[in-house]
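If you want the building blocks of each chain, they are given just below.
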2 protein chains.
Amino acid sequence: MKEINLVEKVKSKKLKVTPQRVAILEAIYMLDNHPTAENIIQYIGKNYPNIAVGTVYKVLESFVDNGLLNRVKTENDVMRYDPMVENHHHLYCCESDKIENFEDPELDHLIAEHFRKKKIKNFKIKDIKLQITGIFKNK
Amino acid sequence: MKEINLVEKVKSKKLKVTPQRVAILEAIYMLDNHPTAENIIQYIGKNYPNIAVGTVYKVLESFVDNGLLNRVKTENDVMRYDPMVENHHHLYCCESDKIENFEDPELDHLIAEHFRKKKIKNFKIKDIKLQITGIFKNK
DNA sequence: ATAATTGCAAAAGCTTTGCATGGCC
DNA sequence: GGCCATGCAAAGCTTTTGCAATTAT
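Basis of the calculations
Residues numbered from 1 in each chain as written. Chains lettered and ligands numbered in written order. Predicted model: local features only at pLDDT ≥ 70, side-chain atom pairs only at ≥ 80, totals over all residues. Heavy atoms only, no water. Helix = DSSP H or I, 4+ residues; strand = E, 2+ residues; numbered from the N terminus. Buried < 20%, exposed > 50% of the residue type's maximum accessible area, 1.4 Å probe, protein only. Contact = heavy atoms within 4.5 Å. Areas by Shrake-Rupley, 256 points an atom, 1.4 Å probe, with all protein chains shown as cover. Axes fitted to C-alpha atoms, helices over the stretch in contact; angles between N-to-C directions. Parallel < 35°, antiparallel > 145°, perpendicular 65-115°, else oblique. Nonpolar A, V, L, I, M, F, W, Y, C, P; charged D, E, K, R; others polar. pLDDT = per-residue confidence, 0-100. Least-squares fit on C-alpha atoms with pLDDT ≥ 70 in both. Phe/Tyr/Trp six-rings, centres within 6.5 Å; stacked < 30°, edge-to-face > 60°. Salt bridge = Lys/Arg side-chain N within 4 Å of Asp/Glu carboxyl O. Near = heavy atom within 4 Å. Polar contact = N/O pair within 3.5 Å; in protein donor to acceptor, adjacent residues only side chain to side chain. Domains from an automatic or database assignment. Buried area = accessible area lost by both parts, 1.4 Å probe.

## Remarks on the overall build of chain A
So, point 1. Helix and strand content of chain A: five helices and five strands.
So, point 2. Once the C-alpha set of chain A is aligned to its principal axes, its extents read approximately 55 × 40 × 25 Å.
So, point 3. When burial is assessed residue by residue, chain A has 42% of its 139 residues classed as buried.
So, point 4. Summarising the internal contacts of chain A: among those between residues at least 6 apart in sequence, 44% fall at separations of at least 24.
So, point 5. When the accessible surface of chain A is totalled, it reaches about 8100 Å², and 49% of it is carbon and sulfur.

## A look at the packing of helix H2 (residues 19-30) of chain B against helix H4 (residues 53-65) of chain B
All names here are of chain B.
So, point 1. Between H2 and H4, the least distance of the axes is 10 Å, while the angle of their chain directions is 75°. With respect to H4, the axis of H2 lies roughly perpendicular. In this structure, H2 contributes Arg21, Ile24, Leu25 and Ile28 to the contact, and H4 contributes Val56, Val59, Leu60, Ser62 and Phe63.
So, point 2. Across the contact of H2 with H4, the residue classes tally to seven nonpolar, one polar and one charged.

## Let's talk about the confidence of the model for chain A
So, point 1. Here chain A averages 93 in pLDDT, while 97% of its residues score no lower than 70.
So, point 2. The weakest mean pLDDT in chain A belongs to helix H1 (residues 3-12) of chain A at 90; the strongest belongs to helix H5 (residues 105-117) of chain A at 98.

## Brief notes about the relation of the copies chain A and chain B
So, point 1. Rotating chain A by 180° and moving it 0.0 Å along the rotation axis overlays it on chain B with an RMSD of 0.1 Å. Both copies are brought into coincidence by an operation consistent with a two-fold rotation axis. It is Leu130(A) whose C-alpha, among those of chain A, lies nearest the rotation axis, at 2.3 Å.
So, point 2. Taken together, the interface assignments show that 100% of the residues at the interface of chain A recur at the interface of chain B, consistent with an identical surface on both copies.

## Some points on the packing of aromatic side chains
Each aromatic ring pair is described using two quantities: the centre-to-centre distance and the angle formed by the ring planes.
So, point 1. Applying the stated criterion across every chain, the model contains four aromatic pairs over all chains.
So, point 2. On the numbers, 6.0 Å between centres and 45° between planes, the contact of Phe115(A) with Phe102(B) is tilted. Of this pair, Phe115(A) sits in helix H5 while Phe102(B) sits in strand S4 (residues 99-102), which puts the two residues in different chains. Side by side, Phe115(A) and Phe102(B) carry an identical accessibility label, which is buried.

## Comments concerning the pattern of salt bridges
Opposite charge on two side chains permits pairing when their charged atoms draw close.
Residue and element names in this part refer to chain B.
So, point 1. In this structure the tally under the stated criterion is ten salt bridges over all chains.
So, point 2. Between glutamate 100 and lysine 98 there is a salt bridge, and its shortest N-O distance comes to 3.6 Å.
So, point 3. Take lysine 98: its relative accessible area is 33%, and that puts it in the partly exposed class.
So, point 4. Between glutamate 113 and arginine 116 there is a salt bridge; the shortest N-O distance is 2.9 Å. Here glutamate 113 and its partner arginine 116 are both found in helix H5 (residues 105-117), three residues apart, which amounts to about one turn of the helix.

## Considering the protein's contact with DNA strand C
So, point 1. Taken together, 18 residues lie around DNA strand C, and Thr18(A), Gln20(A), Lys58(A), Tyr57(B) and Lys58(B) are the ones closest in.
So, point 2. Sugar and phosphate atoms form 68% of the subset of DNA strand C atoms that lie within 4 Å of the protein.
So, point 3. Ala52(A) places a main-chain nitrogen or oxygen 3.4 Å from a phosphate oxygen of DNA strand C.
So, point 4. Mapped onto the surface near DNA strand C, the elements with two or more residues apiece are helix H2 (19-30) and helix H4 (53-65) of chain A together with H4 of chain B.
So, point 5. For the surface near DNA strand C, the per-class residue count stands at eight nonpolar, five polar and five charged.

## Side note on the domain arrangement of chain A
Residue and element names in this part refer to chain A.
So, point 1. Here chain A is partitioned into domain 1 (3-82) and domain 2 (89-134).
So, point 2. Spacing between the C-alpha centres of domain 1 and domain 2 amounts to 26 Å.
So, point 3. Across the boundary between the two partners, domain 1 contributes seven residues, which contact seven residues of domain 2.
So, point 4. Approximately 580 Å² of surface area, both sides summed, lies buried where domain 1 meets domain 2, with 48% of it carried by carbon and sulfur atoms.

## Observations concerning unusual backbone geometry
Residues and elements named next belong to chain A.
So, point 1. Look at histidine 34: it is not a glycine, yet its phi comes out positive at around 50°.
So, point 2. As for its placement among the helices and strands, histidine 34 is situated in the loop between H2 and helix H3 (37-45).
So, point 3. According to the relative accessible area criterion, histidine 34 is buried, its value standing at 5%.

What follows is the structure, given as structure tokens:
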């Protein structure tokens, strides 16, 4: 992703554009396996040896609050970050820590129709996410 | 749940039956909102003022390893424990920490059929769980 | 100019670990 | 009796917080 787009993304949320924020956002796009804060710190450590851990967490929090990132968490796992903020599901590898995004509008429609016809008692649905666990096959 | 059933549950996994294990298992059944380790420690603290935090974590881990409990984790949350080990989904309240179990075999079948007809490329599905977020309506 | 962001370091929160003691089978 | 579980306390790891210095707008 071009630097200019990263800057625009930060600007678009009315956040101050700092080198740290741009670097962190870039790292998340480069590390495309839903990186942890630790992954991000290591990645940008090459160019920002003195970046503060606290800064990374603060920036990540502000990105989440402003809809630039989503948090992803699983059993037995630390927090991970997902730059895809549009509605989607996740494929979890049960043999590694790989997580991949998954979109299937047809399935979403199927599920929505199901719940339109058969409501859950005493519950108003806002959002449905699938956690699909399995094994990635090598091509 | 009767004490005897709790004892049987522990025995059935070939785990030694100790008062702590029985108390912890009972607590999880009584605290029916997918309790945290902290919730459990507080609950059994009445009868076991000296129960060690480490013990609770060790017992929970062994219960999970032996299929007596499942772990449940969400964004921004600590680990919680679920005594229902059969396949099911979860309803998450977006205004509180309430989590409720949800079963819908018809929906499961619908989704299974969908993926039978339309496989995910390079991925072998082992399990599908729905995270349904919304609001619990008061009756 | 000024309000927000950063770095640093300390602290907090949850969970794990090691080891001696004690309890279950 | 032997082995496993417990209690205790320390440590580990991720994340948060406070504050002074710095930086973006």
